[in-house]
Amino acid sequence: MLYTLIIKTIGLSLIAHVVALEKSQALTSDESGVRSQTNGRRRRNAEDDITSEDIQNIVDLTNQYRRNVVPGSASDMQHLEWNDELADLAQQWADRCSFSHGTVDNDYPDPIEQNLDTNELADNNLPDNFITESIESWNSNGNYYDYNSSTCDPGRHCYLYHKQVWASANSIGCGIKSCTYLERNIGFFNCYFAPVQG
């Protein structure tokens, strides 16, 4: 069964979700916030770098969702391109296995926003569709976003969606890593978007 991670910038942190995982015998999305992957689908080694096929998938799927923002409301939406410098920064952050938002020290010239997702692993391998499901998960938050008021439905979190469709962003770079936390294998997928401006 899959569980979508919702990282809250205010309130519970991702670490609190992972700690709840450790204390829980029966995982639920409310208790853990970490997707669990044990349904036997084909897996990829989480230590592998993001492949050229992954890059194409990330760019195509994200641009598809950006194109589908409420008709007429995204007239200034930029087309995203892969950015190796952002990807390097995203991989460096993923390599830290820091289950929180942030970035390594850098001199990137533009403001950066971040989306990340995790997946509990039955072994040290990620399901082949982990990247796709992460991007789809971020986009699904758009179901709760009201463009007229620029707000999210009460009790919902839309910031992952909002970052994914930030109109001024024209670059994306991502990293992936398998991490161990509290004796659990956790897949970590991290993307940076830039520039993000007013």
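Above this text you will find the structure in question.
These numbers come from a predicted model, not from an experiment. (Residues numbered from 1 in each chain as written. Predicted model: local features only at pLDDT ≥ 70, side-chain atom pairs only at ≥ 80, totals over all residues. Heavy atoms only, no water.)

Visitor: Would you explain helix α4 (residues 84-95) in this entry?
Guide: Owing to its 3.6 residues per turn, the α-helix aligns residues three or four sequence positions apart on the same side. For α4, built from twelve residues, the straight-helix expectation of 16 Å at 1.5 Å per residue is met to within 8% by its first-to-last C-alpha distance of 16 Å. In this structure, the buried residues of α4 make contact with β3 (81-82), β4 (113-121), β8 (171-181) and β9 (184-194). The N-cap of α4, judged by a side-chain oxygen 2.9 Å from the amide nitrogen of E85 a few residues on, is N83. Remark: C97 follows α4 within two positions and exhibits a positive phi of approximately 55°. (Helix = DSSP H or I, 4+ residues; strand = E, 2+ residues; numbered from the N terminus. Expected span 1.5 Å × (residues − 1). Contact = heavy atoms within 4.5 Å. Polar contact = N/O pair within 3.5 Å; in protein donor to acceptor, adjacent residues only side chain to side chain.)

Visitor: Whenever I open this one, helix α3 (residues 52-67) confuses me. Can you help?
Guide: Look at α3: 22 Å from first C-alpha to last across 16 residues, which is about the 22 Å you get at 1.5 Å a residue. Those residues of α3 that sit buried are D54, I58, V59, L61, T62, N63, Y65 and R66. (Buried < 20%, exposed > 50% of the residue type's maximum accessible area, 1.4 Å probe, protein only.)

Visitor: How do you make sense of the nonpolar core when you look at a structure like this?
Guide: Looking at soluble globular proteins, one finds that nonpolar side chains tend to be buried together. With 22 residues, the main nonpolar core has I58, I135, I172, C174, I176, F189 and C191 as its most contacted residues. Where this core is concerned, the elements lending two or more residues are α3, α5 (130-140), α6 (159-164), β8 and β9. In contact with I135, other than residues within four places in its own chain, are I58, L61, T62, Y65, Q164 and F189. (Core = buried A, V, L, I, M, F, W, Y, C linked by side-chain atoms within 4.5 Å.)

Visitor: Help me out: how do you make sense of unusual backbone geometry in this one?
Guide: Excluding glycine, a negative phi dihedral is what most residues carry, and trans is how most peptide bonds are arranged. Following A194, the chain continues into P195 via a peptide bond in cis, with omega recorded as -15°. Mapped onto the secondary structure, P195 falls in the segment after β9. Positive phi outside glycine occurs at S150, with the angle close to 55°. You can see S150 is positioned in the loop between β6 (145-146) and β7 (151-152).

Visitor: Please clarify how the packing of aromatic side chains should be interpreted in this entry.
Guide: Note on aromatic pairs: each is described by the distance of the centres and the angle between the planes. Taken as a whole and assessed by the stated rule, the structure comprises three aromatic pairs. Here F130 and F189 contribute two aromatic rings whose centre-to-centre distance is 6.3 Å and whose plane-to-plane angle is 65°, an arrangement assigned as edge-to-face. With F130 in helix α5 and F189 in strand β9, the pair connects residues that are 59 residues apart, well separated along the chain. Overall, F130 belongs to the buried group, its relative accessible area being 0%. A centroid spacing of 6.2 Å and a plane angle of 50° characterise the contact between Y145 and Y161, whose relative ring orientation is tilted. Of this pair, Y145 sits in strand β6 while Y161 is found in helix α6, placing the two residues 16 residues apart along the sequence. As far as the burial class goes, Y145 and Y161 line up, both buried. (Phe/Tyr/Trp six-rings, centres within 6.5 Å; stacked < 30°, edge-to-face > 60°.)

Visitor: Would you mind showing me how to read the pairing of β9 here?
Guide: Where a strand is regular, its side chains alternate between the two sheet faces. Among the eleven residues that make up β9, nine are buried, leaving the element largely enclosed by the rest of the structure. Direction of pairing for β4 relative to β9: antiparallel, over a ladder of nine bridges. Looking at the pairing, L121 lines up with N185 of β9. In the sheet, β8 pairs with β9 via eleven bridges, with the strands oriented antiparallel. Residue pairing across strands places S178 opposite G187, the latter belonging to β9. In this antiparallel pair of consecutive strands, β8 and β9, the connection spans two residues, and L182 shows a positive phi of 50°. (Pairing = 2+ DSSP bridges.)

By themselves, these are just geometric observations and shouldn't be taken as functional.
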